[in-house]
Amino acid sequence: MMNWINSINNYIKATKYNIGFVDGNLESVIEGSRIRVNWLRHNYHDRWFADPFILDVTESDLVVLVEEWYDPIQRGRISKLVIDRKTFWLKDLKVMIDDGTHLSFPAIERDGEDIYIHPESSVKGKLENYRYNKDKDCFEKCGILCNLPLTDSVTTQKFGQKLMFSTKLPDANGKELGIYVWNEDINEYVEDCSYSFEENLSRNAGNLFTYKGMIIRPAQVCIKSYGDAVSLQEVSNKDNRWLFKELMRIYSPHPDLDLGFHTFNVYKDVIVVDAIGYRHALLCHILRKLKHIFD
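These remarks concern the structure in this document. (Residues numbered from 1 in each chain as written. Predicted model: local features only at pLDDT ≥ 70, side-chain atom pairs only at ≥ 80, totals over all residues. Heavy atoms only, no water.)

## A short note on the overall build of the protein
Our working rule: For helices the rule is a DSSP run of H or I covering at least 4 residues; for strands it is a run of E covering at least 2, with both sets numbered from the N terminus onward. The rule is simple: take the accessible area with a 1.4 Å probe, protein chains only, and divide by the maximum for that residue type; under 20% is buried, over 50% is exposed, in between is partly exposed. Two residues qualify as a contact provided that any one of their heavy atoms is within 4.5 Å of a heavy atom in the partner residue. Method for areas: the Shrake-Rupley scheme with a 1.4 Å probe, in which residue coverage is limited to the protein chains shown. Neither His nor the chain ends contribute to the count of charged residues, in which Lys and Arg are positive and Asp and Glu negative. Each charge is placed at NZ for Lys, CZ for Arg, CG for Asp and CD for Glu.
Helix and strand counts for the protein stand at 3 helices and 20 strands. Its C-alpha atoms give the protein principal-axis dimensions of about 60 × 45 × 40 Å. Per-residue burial over the protein gives 50% buried out of 295 residues. Nonlocal contacts in the protein, meaning residues at least 24 apart in sequence, comprise 47% of its contacts between residues at least 6 apart. Approximately 14,900 Å² of the protein is accessible, and the part contributed by carbon and sulfur atoms is 48%. Across the protein, the 37 positively charged side chains and the 43 negatively charged ones have centroids separated by 4 Å.

Right, dumping it as structure tokens:
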């Protein structure tokens, strides 16, 4: 009987993510305009998409890398989505990396014409690097960036050197943000220092970007739960002292995907986000109403 009840409960409370593209520019978002999102449209019922990073933008298409959670294998893998820029309909899906372990957060690093990604793979206890082979349209493993169980790492050279910001297990969603520097002798990132927030704002929500001379880090608000909202933070370094000043928090504008909002990436004036909600939102809403009546 209990197994049957637990199965129903798990079915009702199952969640899903979806990605979307902000209808507006970066200035409108940061200046506080109400966010409207064009959500990805597709016919899949056995998977969802999260952690979007923009690989390319053309006149007709938006090409993104995502965590594709696939129900039959109960884990994430890295996939490429080609999305119609006018209708936001999913035109093509291709699995790019599936190594038998859970993969997510395919953070992109561009070095001239070369494109690299380092998906989150903390279950392995290391952060692996992949180079994009454009001719073959695939990612090829090319090294290890760090031999630690890092979570949602992003790299940057915006401060004059090769740096990486990351949280790590066992406190991936806490207050401590690690700041790593590239060590040429061992060809890996090593931890240089850390920054402690007053709240759980350490986990990254996307790549750093610049806006009107500011360097901004999207971070996850993990106070009520994992990925409640996105915190946009101005990052600066004065006299070797790191400062993170929150500019704003952005919550999900989706009426059903309202449990969290935890990715924010910008490339070629396009902003991609994601949000999480219940798969069976109407059923959950009815049950909450009933619970409120009978409590």
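Next comes the rest of the description.
## Brief notes about the pattern of salt bridges
The criterion, for reference: Within this document, salt bridges are pairs made up of a side-chain nitrogen of Lys or Arg and a carboxyl oxygen of Asp or Glu, the two lying within 4 Å of each other.
This structure, assessed with the given rule, holds 21 salt bridges. Here lysine 141 makes a salt bridge to glutamate 128, at a shortest N to O gap of 3.4 Å. Here the residue lysine 141 occupies a position in strand β10 (residues 138-146), and glutamate 128 occupies one in strand β9 (residues 127-133), the gap between them amounting to 13 residues. Residue lysine 168 is joined to glutamate 191 by a salt bridge in which the shortest nitrogen-to-oxygen separation is 3.4 Å. Within this pair, whereas lysine 168 is found in strand β12 (residues 163-168), its partner glutamate 191 is found in strand β14 (residues 188-196), the two being separated by 23 residues in sequence. Under the relative-accessibility criterion, lysine 168 is labelled partly exposed at 32%. For glutamate 191, a relative accessible area of 37% gives the class partly exposed. Overlapping salt bridges, with partners in common, bring together Asp46, Arg47, Glu68, Arg75, Arg77 and Asp98 in one network.

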